[in-house]
Amino acid sequence: MKHVAVVGAGLCGSLLACYLGRRGYTVDLYERRPDPRVTGAERGRSINLALSERGIDALRRIGLDEEVLRDALPMRGRMVHPLHGETNFQPYSLSGDRAINSIGRGALNDALLDAAGATPGVTIHFDHPLTALDPSLGTLGFADGSSAKADIVLGADGAGSATRGLLMAYAGEGFSETVSFLDYGYKELTIPARDGEYALDPGALHIWPRGTSMMIALPNPDRSFTGTLFWPSSGSDSFASIGSPAAVERHFRENYPDLLELIPNLVEDYRHNPVGLLGTVKCAPWQMLGRVALIGDAAHAIVPFYGQGANASFEDVVELDRCLDATGDNWAEALPLYEQGRRENSEAIAEMALANFVEMRDKVADPFFKLGKNVEHTLERWLPGKYVSRYELVSFSTTPYAEVRRRVKQQHQVVGAVAGALVALAATALIRRLTR
Ligand SMILES: Cc1cc2nc3c(=O)[nH]c(=O)nc-3n(C[C@H](O)[C@H](O)[C@H](O)COP(=O)(O)OP(=O)(O)OC[C@H]3O[C@@H](n4cnc5c(N)ncnc54)[C@H](O)[C@@H]3O)c2cc1C
Ligand SMILES: NC(=O)C1=CN([C@@H]2O[C@H](COP(=O)(O)OP(=O)(O)OC[C@H]3O[C@@H](n4cnc5c(N)ncnc54)[C@H](OP(=O)(O)O)[C@@H]3O)[C@@H](O)[C@H]2O)C=CC1
Ligand SMILES: Nc1ccccc1C(=O)C[C@H](N)C(=O)O
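Keep in mind the model is a prediction, meaning the values are calculated, not measured.

**Thoughts on the domain arrangement of the protein chain**
Then, number 1: When cut into domains, the protein chain gives domain 1 (3-72 + 104-179 + 279-357), domain 2 (181-277) and domain 3 (366-435).
Then, number 2: Placing a centre on the C-alpha atoms of domain 1 and another on those of domain 3 gives a separation of 37 Å.
Then, number 3: For the domain 1 face of the interface with domain 3, the top three residues by lost area are Arg-54, Tyr-306 and Met-352, together amounting to 44%.
Then, number 4: In this assembly, domain 1 and domain 3 are joined by 2 salt bridges.
Then, number 5: Residues Arg-405 and Glu-351 are paired through a salt bridge, measuring 2.7 Å at the closest nitrogen-oxygen approach.
Then, number 6: Our count for the domain 1 to domain 3 interface comes out at 9 residue pairs in polar contact (both at pLDDT 80 or more).
Then, number 7: Among the elements of the structure, α3 (53-60), α11 (309-326) and α12 (331-361) are those that each provide at least two residues to the side of domain 1 that touches domain 3.
Then, number 8: For the side of domain 1 that touches domain 3, the leading source of residues is α12, giving 8 residues.
Then, number 9: Taken together, the residues that form the side of domain 1 that touches domain 3 break down as 5 nonpolar, 4 polar and 8 charged.

**So, the packing of α3 against α11**
Then, number 1: It is at 8 Å that the axes of α3 and α11 come closest, and there the two elements cross at 40 degrees. It follows from the interaxial angle that α3 and α11 lie oblique. For α3 against α11, the interelement crossing comes out left-handed. Along the contact surface, α3 presents Arg-54, Gly-55, Ala-58 and Leu-59, while α11 presents Asn-311, Phe-314, Glu-315 and Val-318.
Then, number 2: Grouping the amino acids of the contact of α3 with α11 by side-chain chemistry returns 4 nonpolar, 2 polar and 2 charged.

**A closer look at unusual backbone geometry**
Then, number 1: Cis geometry marks the peptide bond from Ala-284 to Pro-285, where omega comes out at -5 degrees.
Then, number 2: Looking at the secondary structure, you find Pro-285 in the loop between β17 (276-284) and β18 (287-288).
Then, number 3: In the Ramachandran plot, Asp-195 falls in the positive-phi region, its phi being about 50 degrees despite a non-glycine side chain.
Then, number 4: Within the fold, Asp-195 resides in the loop between β13 (176-191) and β14 (205-209).
Then, number 5: For Asp-195, a relative accessible area of 79% corresponds to the exposed category.

Parameters and conventions
Residues numbered from 1 in each chain as written. Chains lettered and ligands numbered in written order. Predicted model: local features only at pLDDT ≥ 70, side-chain atom pairs only at ≥ 80, totals over all residues. Heavy atoms only, no water. Domains from an automatic or database assignment. Buried area = accessible area lost by both parts, 1.4 Å probe. Salt bridge = Lys/Arg side-chain N within 4 Å of Asp/Glu carboxyl O. Polar contact = N/O pair within 3.5 Å; in protein donor to acceptor, adjacent residues only side chain to side chain. Helix = DSSP H or I, 4+ residues; strand = E, 2+ residues; numbered from the N terminus. Nonpolar A, V, L, I, M, F, W, Y, C, P; charged D, E, K, R; others polar. Axes fitted to C-alpha atoms, helices over the stretch in contact; angles between N-to-C directions. Parallel < 35°, antiparallel > 145°, perpendicular 65-115°, else oblique. Left-handed = near helix turned anticlockwise from the far one by under 90°. Contact = heavy atoms within 4.5 Å. Buried < 20%, exposed > 50% of the residue type's maximum accessible area, 1.4 Å probe, protein only.

Spelled out as structure tokens, the structure:
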């Protein structure tokens, strides 16, 4: 049986090791960092994330869903906090029951590492940053000077993937990469529990839409919320221009007055916590020589605004597993098939994720947007199974992302045509009446 090296024991790599170990492979999982179960929580990365149907489906297939979801907090809609006026709740689904799940990144990664470590054939090597790779030989080199060899090498080492960089160095013009950073960054702030209770409704994803910026907050099991500011990196009202304690306080008093009370350590948190980068990675090819491939963020990092990056990475693992089934574990056939199956889908979610930023930071506060959502839910009620909202298809189904994009476009065209015909009918009737 073939020997597989997986680089990166993050969310995607550790799940991938579980799947491959279960197929009977000998898997070596190389992680640049020390064991997070020993060293504790990490800084500088998102604390919690929203897991939805695609990610849950991948976990369910190997019996990990119940354990992972045990501590998850279901969020059934958006709680919008306008600058003036009352908060309002906008459910994600027609029934109001469907939820995306807030889950700790650390807890999820730990559960996946435990599962990978318990899978026969899987060995995890921490403190092993990949620094060299020869795709033709399957040899890997690490920062400490050690080396290894494998029949198959899978790079699951995240948005700034070393594997991707090494493939580019190997293939030269035969490999293309674009990294498009947003002019926005993110910074996390903690909304602690108040008198031992959640300071906000834990059944919702909270949004403070402010036009060109926003803050969101997701609940944690310890009754705190992790808030994330998504602000411009430079220019006015940006992370660069708001730095002094007085400027931070003034900006929050003017733009997020309710948060001053909810975040007692606002200034310290703000000044202490890093600003993270946001961007989209596109590269091609995802596989070389039928023996080295990229998976998860390493192949297609996206902006986080749909809450789908990890979900999409988990779907990659399911697709690769399916391709191995379809080809009788012939990797030279399975890897191109995997790339073919996932590329269009990852491009579709990358695009939808960028569009969701505008929806969240701006449109959710618009009364016409709310009206549109109500009309959408009404159409879903009138045309069950025929009209299904984009949100429902992305978050609560495993319909391939590219198909979601096509279907939603068609639905909008039909609704647009029907609305146009109704307007034309009404106009004709009016003209007839006026000219009678
Ligand atoms: C602010 C923010 C919020 C997000 N929220 C959500 C959300 O709500 N829902 C969702 O689905 N997704 C979300 N995401 C996206 C999600 O975090 C990623 O899509 C997901 O982590 C990708 O998993 P991965 O395993 O491919 O990469 P990572 O999780 O980044 O893991 C990569 C691993 O590789 C290791 N590594 C890196 N370099 C090397 C090397 N040279 N050698 C060996 N190991 C290496 C790293 O240490 C790490 O452990 C969010 C992202 C951000 C930034
Ligand atoms: N780099 C890229 O090409 C792209 C990046 N992005 C986005 O930008 C973000 C930052 O990118 P980049 O700086 O390359 O990536 P990283 O995610 O590797 O680094 C971001 C920060 O998180 C820390 N960190 C990363 N992994 C761990 C871990 N397992 N344990 C503890 N701390 C960790 C890093 O610490 P340290 O400095 O010690 O490594 C650093 O402070 C990414 O999360 C991604 O969302 C998006 C598109 C492209
Ligand atoms: N997890 C996130 C992280 C950052 C930004 C948004 C999310 C979301 O999940 C948004 C949610 N899907 C929404 O559309 O309301």
